[in-house]
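# Structure assessment
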Amino acid sequence: MPFHQARWEEPLLWEIRTPIESKVDPIPGIPEPLLRKTPFRWPEPTELELARHFTRLSQMNFSIETGIYPLGSCTMKYNPRVGEVLARDLSMTAAHPAQPVSTVQGTLEMLYRLEEALGKITGLPNVSLQPAAGAHGEFTGLLVARAYFHKKGDPRTEVILPETAHGTNPASSSMAGFAPREIPSKDGCVDLRALSDAISHRTAVFMLTNPNTAGLFEEEVLEIADRVHAQRALLYYDGANMNAILGKTNPGKMGFDIAHLNLHKTFSTPHGGGGPGAAALCVTDALSGFLPVPRLVKEGRKFRWSYDHPDSIGKVRSFYGNVGMDLRAFAFIMAHGEDGLRRVSERSVLNSNYLAHRLGKLLPRPFKPLVKHEFLLSGLPLRERGLRTLDLAKRLLDEGVHAPTVYFPSLVEESLMVEPPETESKYSLDAYYSAMERSIKDTDENIHAAPRRLAVGRVDEVAAAKNLRLSWRDLRRTP
Ligand SMILES: *Cc1c(COP(=O)(O)O)cnc(C)c1O
């Protein structure tokens, strides 16, 4: 499909017209040293100028509503508008978290029912909705594990991770005070020998994603659970992405003790580009007492917060988490029901296998052919043409679609990781195949020069990460 992204030379709001300097009358009682010395400067666009400004910026951007966004390990699915309508309802947006609980019983009931549903979905019935994102859920879960071993008088120092682990897993382990230790994989899955060699009385937790980031189901998971538990260690389920197993199996059945779910992946709710996240932390009965406070309790028909949990790790976030995200996830679960959630998984696994089968004709696929919700390709053959996976990813953008995740997981050279969730149709999967085919068959010169049809070309990603200029003031200060 011919595609050109809008390219506006869009000024900053400050540049649209001269900012108005307003003198603000000081609020009485503010101490003199804290008072503003210089006049306050506001950009003063009209409402129409403001609307145009943000609409134009959005035309220079990419979103799930622009095109397919099959970013492996990210589950970029369509977010039904009904979730947005509910979350924008005045009863949500105008509520203050410090309001008396008697005035927010409906919200508390929603949270309670969401906890129940997620307890059922994971098979781990004790749930906290406090964590603000997946990595925060991991961190919270690992603090729970640490508190558990501390209480037992058996402090342990290590977290073991497979090579396919998401980068947040070792980072969360370190932040929670453990030493992360990586073990090699075999054919894309956990190598049981390597696990047995690594595991010891120092091991607190083995963290696993299943299906893993290669899109493969760890079929030896019950054996893994036995070996971990034989060392009295805990098994952690990174359930950032549950898209392949909803209603089919669950972490509880697989022998896990702790799991976090990214509500903003599996259960819709917009994410990426800095949008808010929300994670649920789900644990076995043995670990329930260590979950963050406050916990939501039901007494008769009333709901209230309870702080009466002496073993709790305490609070990990202000108030009760991202309640607006929880509501979107609740709406998603209620709209689908048990059967619908099962079909979400069936459809996403079908999509993934269909696209894997087709794209497998263009690029080699490591490991076995049958996958779950995502799959890997290797861009290694492009090397003969002096091209890399990164070049292909940039060329794909010129087709008006998003590239897959690249260079992760690292166990495959020049990897591309594709995840086409259940909300994509056969039409859009076939269009993606064609976009990939055209990209690969394009001239080397064109691929090197891509992207040419976007608002911005290749950016210096290292400089962008290391040299942050996040505000207008920073920008003005830089020579
Ligand atoms: C996305 C993801 C995470 C991290 O979740 P955030 O919400 O981005 O912090 C962790 N593990 C896996 C497997 C993921 O896909």
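The shown structure was predicted, so the numbers you read here are calculated from the model rather than taken from an experiment.

Taken together, three strands build an open sheet; the order of strands is 14-16-15 and the sheet is antiparallel. Bordering the open sheet on either side are strand 14 (375-378) and strand 15 (405-406), each of which pairs with just one other strand. In terms of strand pairing, strand 15 meets strand 16 (residues 415-418) through two bridges, oriented antiparallel. Paired with Thr-405 across the two strands is Met-417, which belongs to strand 16. Along the sheet, helix 11 (residues 323-359) makes contact with strand 14 and strand 16, crossing strand 14 at roughly 15°.

Turning to the site of the ligand, a few remarks are in order. The local shell around the ligand consists of Ser-73, Ala-133, Gly-134, Ala-135, Glu-138, His-166, Thr-168, Asp-238, Ala-240, Asn-262, His-264 and Lys-265. Measuring from a nitrogen atom of the ligand, one finds a side-chain N or O atom of Asp-238 at 2.6 Å. The set of elements that each furnish at least two residues to the shell around the ligand consists of helix 6 (134-152) and helix 10 (263-266). Counting residues per element, the shell around the ligand draws most heavily on helix 6, at three residues. Partitioned by chemical class, the residues of the shell around the ligand number three nonpolar, six polar and three charged.

Right, let's talk about the sheet that holds strand 10 (residues 258-262) for a bit. One open sheet holds the seven strands; their spatial order is 3-11-10-9-8-4-5, and the pairing between them is mixed. Edge positions in the open sheet fall to strand 3 (126-128) and strand 5 (179-183), since each of these has one partner strand only. Sheet twist, expressed as the mean angle between neighbouring strand axes with direction ignored, is 20°. Judged from the five bridges that link them, strand 4 (residues 158-162) and strand 5 form a sheet pairing that is parallel. Residue pairing in the sheet places Pro-162 in a bridge with Ile-183 of strand 5. On the sheet, helix 6 packs against strand 4, strand 8 (203-208), strand 9 (234-239), strand 10 and strand 11 (279-283) and is oriented at approximately 170° with respect to strand 9. Those strands touched by helix 9 (residues 221-230) are strand 8 and strand 9, and its axis lies near 140° from that of strand 9.

Take the side chain of His-402 next. Counting through the fold element by element, His-402 comes out in the loop between helix 12 (389-397) and strand 15. Ignoring anything within four residues of it in the chain, the contact list for His-402 reads Phe-62, Ile-68, Tyr-69, Pro-70, Leu-71, Leu-397 and Tyr-432.

In terms of domain boundaries, the chain breaks down into domain 1 (83-335) and domain 2 (340-466). Distance between the C-alpha centres of domain 1 and domain 2: 29 Å. On the domain 2 side, the residues contacting the 27 residues of domain 1 number 23 residues. Buried area between domain 1 and domain 2, both sides added, is near 1,900 Å², and the carbon and sulfur share of it is 62%. Run the count over domain 1 and domain 2 and you get two salt bridges.

Our next topic: the nonpolar core. In this structure, Leu-118, Phe-206, Ile-224, Leu-263 and Phe-267 are the most contacted members of the largest nonpolar core, which totals 56 residues. The leading source of residues in this core is helix 11, at ten residues. Lining this core are residues from two domains, each supplying at least three of them: domain 1 (83-335) and domain 2 (340-466). In this structure, Ile-224 is in contact with Val-190, Leu-192, Leu-195, Phe-206, Leu-208, Glu-218 and Leu-235, ignoring residues within four places of it in sequence. Membership of the second largest hydrophobic core comes to 34 residues, among which are Phe-3, Leu-359, Leu-429 and Tyr-433.

Where nonpolar side chains cluster on the molecular surface, the patch consists of Ile-27, Ile-30 and Leu-34 and spans about 320 Å² of accessible area. With respect to the element layout, Leu-34 can be found in the loop between strand 1 (20-22) and strand 2 (40-42). Taking relative accessible area as the criterion, Leu-34 reaches 65% and is therefore assigned exposed.

Time to look at the packing of aromatic side chains. To describe a pair of aromatic rings, you give the distance between the ring centres and the angle between the ring planes. Evaluated as defined, the whole model comprises eight aromatic pairs. Summarising the aromatic geometry, the rings of Phe-62 and Tyr-69 are spaced 5.3 Å apart at their centres and angled 70° between planes, so their arrangement reads as edge-to-face. You'll find Phe-62 and Tyr-69 in the same group, each marked buried. When the ring of Trp-305 is compared with that of Tyr-320, the centres are 4.0 Å apart and the planes differ by 15°; the resulting orientation is stacked. Taken together, the residues span a long stretch of sequence, with Trp-305 in strand 13 (residues 302-306) and Tyr-320 in the loop between strand 13 and helix 11 at a distance of 15 residues. Taken as a pair, Trp-305 and Tyr-320 share a single burial class, namely buried.

A cis amide bond links Val-293 to the next residue, Pro-294, at an omega of -5°. Here Pro-294 is to be found in the loop between strand 11 and strand 12 (295-299). The linkage connecting Phe-408 with the following residue, Pro-409, adopts the cis geometry, with an omega of -5°. As for its placement among the helices and strands, Pro-409 is situated in the loop between strand 15 and strand 16. Positive phi, close to 65°, is recorded for Phe-367, a residue that is not glycine. Inspection of the secondary structure assignment puts Phe-367 in the loop between helix 11 and strand 14.

Of all nine residues in helix 12, eight are buried; the element is thus mostly enclosed. Considered for burial, the residues of helix 12 that qualify are Thr-389, Asp-391, Leu-392, Ala-393, Lys-394, Arg-395, Leu-396 and Leu-397. The inward-facing, buried residues of helix 12 abut strand 15, strand 16, helix 13 (426-441), helix 14 (444-449) and helix 15 (461-466).

Rules used throughout
Residues numbered from 1 in each chain as written. Predicted model: local features only at pLDDT ≥ 70, side-chain atom pairs only at ≥ 80, totals over all residues. Heavy atoms only, no water. Pairing = 2+ DSSP bridges. Helix = DSSP H or I, 4+ residues; strand = E, 2+ residues; numbered from the N terminus. Contact = heavy atoms within 4.5 Å. Axes fitted to C-alpha atoms, helices over the stretch in contact; angles between N-to-C directions. Near = heavy atom within 4 Å. Polar contact = N/O pair within 3.5 Å; in protein donor to acceptor, adjacent residues only side chain to side chain. Nonpolar A, V, L, I, M, F, W, Y, C, P; charged D, E, K, R; others polar. Domains from an automatic or database assignment. Buried area = accessible area lost by both parts, 1.4 Å probe. Salt bridge = Lys/Arg side-chain N within 4 Å of Asp/Glu carboxyl O. Core = buried A, V, L, I, M, F, W, Y, C linked by side-chain atoms within 4.5 Å. Buried < 20%, exposed > 50% of the residue type's maximum accessible area, 1.4 Å probe, protein only. Patch = residues over 30% accessible without salt bridge, like charges linked within 9 Å, V, L, I, M, F, W, Y side chains within 5 Å. Areas by Shrake-Rupley, 256 points an atom, 1.4 Å probe, with all protein chains shown as cover. Phe/Tyr/Trp six-rings, centres within 6.5 Å; stacked < 30°, edge-to-face > 60°.

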